[in-house]
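What follows is the residue order along each chain.
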Amino acid sequence: MKFQFTYGAAASGELSAFDATVKLITGEELQAQGGAPWIHPQVDDELRRLSAKGLFKGEKGQKVTIATLGLHAGAQALFVGYGGVTADELREAGAASAKALRKLKARRVQVLVPSSVLSGNADCSAERAAQSFTEGLILGWYERPKRKREHGKELEPVDVQFIPEAQEAGGETAKARWSAGVKRGELFAEGTLFARDLTNMPGNELIPEGLAEYAEEIGHRYSFDVEIIDEFTAIDMGMGGLIGVGKGSAHPPRMIVLHYEGAPDSKDVWGIIGKGITFDTGGISLKRAEGMEEMIGDMGGAAAVLGTMRIIGELKPKINVIAVIAAAENMPSDRALKPGDVIVTMSGRTVEVVNTDAEGRLVLADALTTAIRRGATRLIDIATLTGAVEVALGNVATGAVTNDELLLQDIIRAGRTAGERIWPFPSYPEYRRQLDSDAADLKNSGGRFAGTITGGLFIGAFAEDLPWVHLDIAGTSWLKSSRGWESKGATGVMVRTLAELLSSRS
Ligand code: BES
Ligand code: MN
Ligand code: ZN
């Protein structure tokens, strides 16, 4: 769905110029007597009647639609509750609005911006408020695209006009601030939707080479240098992890590298690394059939990296980034990796493969080495790594494992701003010992217990003592039902956290 955002006064007089008018309202405002009308005295009275019956309290996520029958420029008045001026409340209100507007098939929408939102506060500036509401609106509108026999007709774009509730509220500065926030919200949401679309693609449509093509397209658009390392070069470079995982499939693996240089004089280089398994059958250690279709989403980390790089390309922050995506398809076949095989990774470290379903860490090992050899000085990997993280944290928080508390705190803080929760696991030395192998430097599975930690620490073994954070998104990157601004299926989680982290520093 395309959106067009404008900011300004309503075209006066014209009735039913809009399909809907969104009125954000708090519980307090709903109780207050007197003051200017919200929509129109008669419509407002109807809302108060509904409220008196307890049908609408102006709480977060609540909404009610009332037909204005010619009394207002918006044919439908959509009242959306919110708990106050915070980024999370406004993102939630944006998403609630989107769901209702979608149902109304609204294409021309007016959003009344409350003065308290337009002026912002210490915790949530006007820009942040605008960004959050816009993100909620766009992200909340999204649904996984269906492949259908009959193609529906192309939908008109949604026109959204923001209108300050109090006329002359702050004038041009308010307009500039609000518009800047809306713009940032659009960018952040579009990066996230890009990641969702990619992650929602079926495994027969998206193979490692396809992932490489998307990366090239982004590189071309934003003038990033792109390296696509094919299977032959990967063999020459000694990428035993990537090759091992990819060799069971007819679709060869790819190591994908994007270079962004926004601070040529700085030696600091962010290494942002994504797991790009375009389908994970488990390999010879085959997964059970039930739910295996969700493994089309096993490249959610790669998608998050690409979504972030699009935003980086737009905002051009003064930092350096090396983005690495390890792309492969994990299949069982006569050529596939087998349990008991010992492989040599690009770092030289040897790995005993005890479970071919622990494939993410094998490709990521080589991806970390790739980033380090190209100059990365701090590393973040994003991966749908373990089912265990969903056992521990459900779909509510992304799990983190790190060797650097400060870097982790920065990421958690960025996540808080973005409304994406990240929760750290401990990394005591005992856990690392679960990966000791009789046959190699380490084995690729530490068993059932503390699976998220041992999986993370396996990757950390390839960080060469650089500051490193691992984000396990296996629980948060895919939802069985939609929630707020997050859609059913792929959520595009971590795009906005990473974009926030990388764009708010220089
Ligand atoms: N891609 C899976 C993890 C996963 C599980 C992602 C559920 C999304 C939803 C990963 O490759 C995997 O299979 N991990 C194994 C590790 C084990 C063999 C050590 C797991 O979690 O069972
Ligand atoms: Mn697996
Ligand atoms: Zn996997």
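The structure presented is a predicted model; accordingly, all values stated were derived computationally and were not measured.

Draft legend 1. Region of interest: the coordination of the zinc ion (ligand 3). Looking at the metal site, the zinc ion (ligand 3) is ligated by Lys-275 (NZ), Asp-280 (OD), Asp-298 (OD) and Glu-359 (OE), spaced 2.0 to 2.4 Å from it. Considering all 6 donor atoms around the zinc ion (ligand 3), angles at the metal cover 78 to 171 degrees and the coordination shape is octahedral. We note that the donor set of the zinc ion (ligand 3) lies within a single chain, spaced as K-x4-D-x17-D-x60-E. Separating the zinc ion (ligand 3) from the manganese ion (ligand 2) is a distance of 3.2 Å, and Asp-280 supplies a donor atom to each of them. When its relative accessible area of 3% is taken as the criterion, Asp-280 is described as buried.

Draft legend 2. Region of the structure containing the site of ligand 1. Of all residues adjacent to ligand 1, which total 16 residues, the nearest are Lys-287, Asp-298, Asp-357, Glu-359 and Gly-387. Note that a nitrogen atom of ligand 1 is positioned 2.8 Å from one of the side-chain N or O atoms of Asp-298. Residues of the shell around ligand 1, tallied by class, amount to 4 nonpolar, 5 polar and 7 charged.

Draft legend 3. View of the coordination of the manganese ion (ligand 2). Only Asp-280 (OD), Asp-357 (O), Asp-357 (OD) and Glu-359 (OE) from the protein reach the manganese ion (ligand 2) as donors, at distances of 2.1 to 2.2 Å. Of note is the manganese ion (ligand 2), whose 6 donor atoms meet at the metal with angles of 70 to 168 degrees in an arrangement that counts as irregular. Taken in sequence order, the residues that donate to the manganese ion (ligand 2) follow the motif D-x76-D-x1-E.

Draft legend 4. Expanded view of the sheet that holds strand β6 (residues 158–164). Reading across from one edge, β1-β6-β5-β2-β4-β3 is the order of the 6 strands in this open sheet, with mixed pairing throughout. The sheet is open, and its two edges are formed by β1 (3–7) and β3 (63–67), each paired on a single side. Mean inter-strand twist for the sheet, computed between neighbouring axes without regard to direction, equals 20 degrees. Sheet strands in contact with helix α3 (residues 87–103) are β2 (18–25), β3, β4 (74–81) and β5 (108–113), and its direction is about 145 degrees off that of β4. Sitting on the sheet, helix α6 (residues 171–200) touches β1, β5 and β6, and the angle it makes with β1 is about 165 degrees.

Draft legend 5. Representation of helix α10 (residues 300–315). Counted at 1.5 Å a residue, the expected span for α10 with its 16 residues is 22 Å, and the 23 Å between its end C-alpha atoms agrees. Along α10, 14 of the 16 residues are buried, which leaves the element largely enclosed by surrounding structure. Phi for Lys-316, located one or two positions after α10, is positive at around 45 degrees.

Draft legend 6. Just the packing of helix α7 (residues 208–222) against α10, in detail. Where α7 meets α10, the axes come as close as 10 Å, and the angle between the chain directions of the two elements is 10 degrees. Classed by the angle they form, the pair α7 and α10 counts as roughly parallel. Here Leu-211, Tyr-214, Ala-215, Ile-218, Arg-221 and Tyr-222 of α7 come into contact with α10, specifically with Ala-302, Leu-306, Arg-310, Gly-313 and Glu-314. Within the contact of α7 with α10, the residues separate by chemical class into 7 nonpolar, 1 polar and 3 charged.

Parameters at a glance
Residues numbered from 1 in each chain as written. Chains lettered and ligands numbered in written order. Predicted model: local features only at pLDDT ≥ 70, side-chain atom pairs only at ≥ 80, totals over all residues. Heavy atoms only, no water. Donors = N, O, S within 2.8 Å, 3.2 Å for Na, K, Ca; no water. Tetrahedral: all angles 85-135°; square planar, octahedral: opposite > 155°, others 65-115°. Buried < 20%, exposed > 50% of the residue type's maximum accessible area, 1.4 Å probe, protein only. Near = heavy atom within 4 Å. Polar contact = N/O pair within 3.5 Å; in protein donor to acceptor, adjacent residues only side chain to side chain. Nonpolar A, V, L, I, M, F, W, Y, C, P; charged D, E, K, R; others polar. Pairing = 2+ DSSP bridges. Helix = DSSP H or I, 4+ residues; strand = E, 2+ residues; numbered from the N terminus. Axes fitted to C-alpha atoms, helices over the stretch in contact; angles between N-to-C directions. Contact = heavy atoms within 4.5 Å. Expected span 1.5 Å × (residues − 1). Parallel < 35°, antiparallel > 145°, perpendicular 65-115°, else oblique.

Function cannot be read off these values alone, since they describe shape.
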